[in-house]
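Structural overview for review
Spelled out from the first residue to the last, the chains are:
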Amino acid sequence: MLVRAFTRKTLTHIGAMAIVLSLAYSYIVTRPAKAELNMETNLMVSTRDRFRVCFQAESGVSAAAKEKLVGSMNKLRSQRTADWEWADLGRNVPVLEQGCPGASFPPNATAGAAAIGRGRTTAPGPHRTTIFVVSDATADAMWGPKANADIIPYELMCFSHECASVTSGLVVRESFLDQPDFLDPWLSISVGMAAKNLPQLEPGFK
Amino acid sequence: MNTTSQARSSEKTPRWVLFLWSVVAIIVVSWVSTPMANAYHHDHGTDRLHNRYIHYTTTGGQGVNDEDYCVQSFTTRMTFATALARVKRTLTELSPRWDGTGNYRIDLYAKGSQCSDYGTVNETTRTEYIPGIEYQYRVRNNNADISACGADNVSCVTHHPAVKESGAAHGHFEAEISFLDVDNILSNTESVWQAHINHETGHIIGLRDPGSHETTKTCTASIMHIPWYCGVQGYTNSYPSTGDFNSVVHIMDNTD
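Note that this is a predicted model, so its numbers are computed, not measured.

1. Considerations on the overall build of chain A
On a plain count of helices and strands, chain A comes out with six helices and eight strands. Taken from the N to the C terminus, the helices and strands of chain A come in the order α-α-β-β-β-α-α-β-β-β-α-β-β-α. The globule rule puts the C-alpha radius of gyration for 206 residues at 17 Å, and the 24 Å found for chain A is more than 25% above it. Principal-axis analysis of the C-alpha atoms gives chain A an extent of 90 × 45 × 40 Å. Looking at the 206 residues of chain A, the share that counts as buried comes to 51%.

Given below as structure tokens:
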């Protein structure tokens, strides 16, 4: 019999070992994964397993804005499939998820806001890219009539005195969604694909 | 307690039980201290946070793979002309300098106007990215409200936005913004502002502060190891060291 083979004390030890092992195992399977910056992939954060995008529109923006965005994503993927896949964006266009958690939207003049989302964090969210569509009136108020879009950090991971934007925030005026320049450079860079259509600025000098 | 139970409780724990406990302890420590397999990739420190154009060059004059920079002064304590002159002198006139590193894979060209003339840069709304300009140097009174700086009298760098182009071994950044505290670059002594501008530019091209990615802080000869971080062991030259240039070429070559 078991009791004969092991003393009660020995059995107590074995039981205690089993409890310790089961507690340790339950800890490792339930603990939240620690986010690490990972530049090997364009997803940028170790806790992200696929390319995810969230979307938010200012009130008053047409419901068609979301369809236009989806259309632009499809066009970008089909025109530059190899680049799309190289940038770890997956095989298909992602679903545009409604609402971006922690968004400071529209990106107003709040002092200290160097980001339109959560800013500095050690636990970035699941979205690699966030997209905000603003009315032309809001865009004019923010940028004046000349600018159509901007890419602003949404979440940043920081190391000493440098921060890396790990979640891009694309802010775009509604009337710009149909324009070719929106696709490249703005949309392409906001998802992490290098632009093919950067503007030609005046030459610089040494 | 009878005699039999007294005898049992005073029995020595068998050696194999003690051995089993040590095995359990090793298993628990390894489980708890090891990150989950799919959640951890070690950041390569100096090799990853950098502008992407340091890998490429354009032959025959200024081209798409060169780095354009602009300067903006948000303070009345330093004019745009002075800010531009100091950044330009540091980057492309004084020697040794970052410009030309790696057979001109770092090839720096100044823009003649303030950054806001090329984008909608505004100190209040923090509009960030200007297509076609790789480095921005923004001179400000106080950087306490900038995430990377976090305090007055501190300069810092934000890498943004990230991209991964076809053929690239890793992701890197399309552009960087260096937030320069005006007090760091206001001195009449050239070497003082030169050191700060070279240090922040070191961040842009991939170098890190001491202790930011290492387990122990090292203070070898480097423009990143200035006395502000390393005290009396700090590097006191105002320009990059030979080791700094070697490190940047190593990053350019992806030789980690």
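2. A few points about the overall build of chain B
Within chain B, the secondary structure is distributed over seven helices and seven strands. For chain B, the sequential pattern of α-helices and β-strands runs α-α-β-α-α-β-β-β-β-β-β-α-α-α. Burial analysis of chain B (256 residues in total) assigns 53% to the buried set. With the model as given, the accessible surface of chain B reaches about 10,600 Å², and the carbon-plus-sulfur share is 54%.

3. Details of the pairing of strand 3 (residues 135-140) of chain B
The two faces of a sheet get side chains in turn, since along a regular strand they alternate between them. Residue and element names in this part refer to chain B. A large share of strand 3 lies buried, amounting to six of its six residues. Judged by which residues are buried, strand 3 turns out to be covered on both faces: Tyr 135, Tyr 137 and Val 139 on one side and Gln 136, Arg 138 and Arg 140 on the other are all buried. Relative to strand 3, strand 1 (residues 67-73) runs parallel, the two being bridged by five bridges. Directly across from Ser 73, in strand 3, lies its bridge partner Val 139.

4. Topic: the interface of chain A and chain B
One frequent convention defines the size of an interface as the accessible area lost when the parts assemble. With 67 residues of chain A at the contact, the number on the chain B side is 81 residues. Between chain A and chain B, the buried area comes to about 6,400 Å², and carbon and sulfur atoms account for 60% of it. Summed over the three residues of chain A that lose the most area to chain B, namely His 161, Glu 162 and Lys 206 of chain A, the buried surface amounts to 13% of that side. Put simply, chain A and chain B have four salt bridges between them. Across the salt bridge formed by Lys 206 of chain A and Asp 99 of chain B, the nearest N and O atoms sit 2.8 Å from each other. Where chain A touches chain B, the interface holds 31 residue pairs in polar contact (both at pLDDT 80 or more). Sorting the residues of the side of chain A that touches chain B by element identifies helix 2 (8-30), strand 1 (37-38), helix 4 (81-86), strand 7 (149-159), strand 8 (162-173) and helix 6 (180-191) of chain A as the ones contributing at least two each.

5. Let's talk about the confidence of the model for chain B
Parts of the model with low pLDDT should not have their predicted coordinates read in detail. Residues and elements named next belong to chain B. Of the residues in chain B, 84% have a pLDDT of 70 or more, and the chain-wide mean is 86. Helix 3 (residues 80-93) holds the highest mean pLDDT among the elements of chain B, 98, whereas helix 1 (residues 3-9) holds the lowest, 52. Contacts from residues 35-44, a stretch scored under 50 in pLDDT, to residues over four places away or in other chains number 20 contacts.

6. A closer look at the environment of Ile 152 of chain A
All names here are of chain A. As for its placement among the helices and strands, Ile 152 is situated in strand 7. Ile 152 sits in the buried class, given a relative accessible area of 2%. Counting along the chain gives ten residues from Ile 152 to Glu 162, while the straight-line C-alpha distance between them is 16 Å.

7. A look at the packing of aromatic side chains
The tally for this structure, following the rule as stated, stands at seven aromatic pairs over all chains. Residues Phe 176 of chain A and Phe 182 of chain A carry aromatic rings whose centres are separated by 6.0 Å and whose planes lie at 75 degrees to one another, so their mutual orientation is edge-to-face. Their ring planes at 85 degrees and their centres at 6.0 Å tell us that Tyr 69 of chain B and Tyr 137 of chain B sit as a pair that is edge-to-face. With Tyr 69 of chain B in strand 1 and Tyr 137 of chain B in strand 3, this residue pair connects regions lying 68 residues apart in the sequence. On the basis of relative accessible area, Tyr 69 of chain B is assigned to the buried category, the value being 0%. Note that Arg 52 of chain B overlies the ring of Tyr 53 of chain B, its terminal NZ or CZ placed 4.5 Å from the centroid. Taking the ring centre of Phe 159 of chain A as reference, the NZ or CZ of Arg 208 of chain B above it sits at 4.7 Å.

8. Some points on helix 3 (residues 64-79) of chain A
Under the 1.5 Å per step criterion, the end-to-end length of helix 3 of chain A is 22 Å for 16 residues, consistent within 8% with the ideal 22 Å. If you follow the buried residues of helix 3 of chain A, they end up packed against strand 3 (53-57), helix 4, strand 4 (96-98), strand 6 (129-134) and helix 6 of chain A.

9. Details of the pattern of salt bridges
Enumeration according to the criterion identifies 23 salt bridges over all chains in this entry. Of the charged contacts, one joins Arg 208 of chain B and Glu 162 of chain A as a salt bridge, the two residues approaching to 3.2 Å between their closest N and O atoms. Placement of Arg 208 of chain B in the loop between helix 5 (190-204) and helix 6 (227-230) and of Glu 162 of chain A in strand 8 is noted, with the two residues assigned to different chains. In terms of burial, Arg 208 of chain B and Glu 162 of chain A fall into one category: buried. Across the pair Asp 68 of chain B and Lys 111 of chain B runs a salt bridge whose closest N-O atoms are separated by 2.9 Å. Of this pair, Asp 68 of chain B sits in strand 1 while Lys 111 of chain B sits in strand 2 (residues 108-114); the two residues are 43 residues apart in sequence, bridging distant segments of the chain. Exposure class is identical for Asp 68 of chain B and Lys 111 of chain B. Each is buried.

The rules we used
- Residues numbered from 1 in each chain as written.
- Chains lettered and ligands numbered in written order.
- Predicted model: local features only at pLDDT ≥ 70, side-chain atom pairs only at ≥ 80, totals over all residues.
- Heavy atoms only, no water.
- Helix = DSSP H or I, 4+ residues; strand = E, 2+ residues; numbered from the N terminus.
- Rg over C-alpha atoms; globule rule 2.2 N^0.38 Å.
- Buried < 20%, exposed > 50% of the residue type's maximum accessible area, 1.4 Å probe, protein only.
- Areas by Shrake-Rupley, 256 points an atom, 1.4 Å probe, with all protein chains shown as cover.
- Pairing = 2+ DSSP bridges.
- Contact = heavy atoms within 4.5 Å.
- Buried area = accessible area lost by both parts, 1.4 Å probe.
- Salt bridge = Lys/Arg side-chain N within 4 Å of Asp/Glu carboxyl O.
- Polar contact = N/O pair within 3.5 Å; in protein donor to acceptor, adjacent residues only side chain to side chain.
- pLDDT = per-residue confidence, 0-100.
- Phe/Tyr/Trp six-rings, centres within 6.5 Å; stacked < 30°, edge-to-face > 60°.
- Lys NZ or Arg CZ within 6 Å of the ring centre and 35° of its normal.
- Expected span 1.5 Å × (residues − 1).

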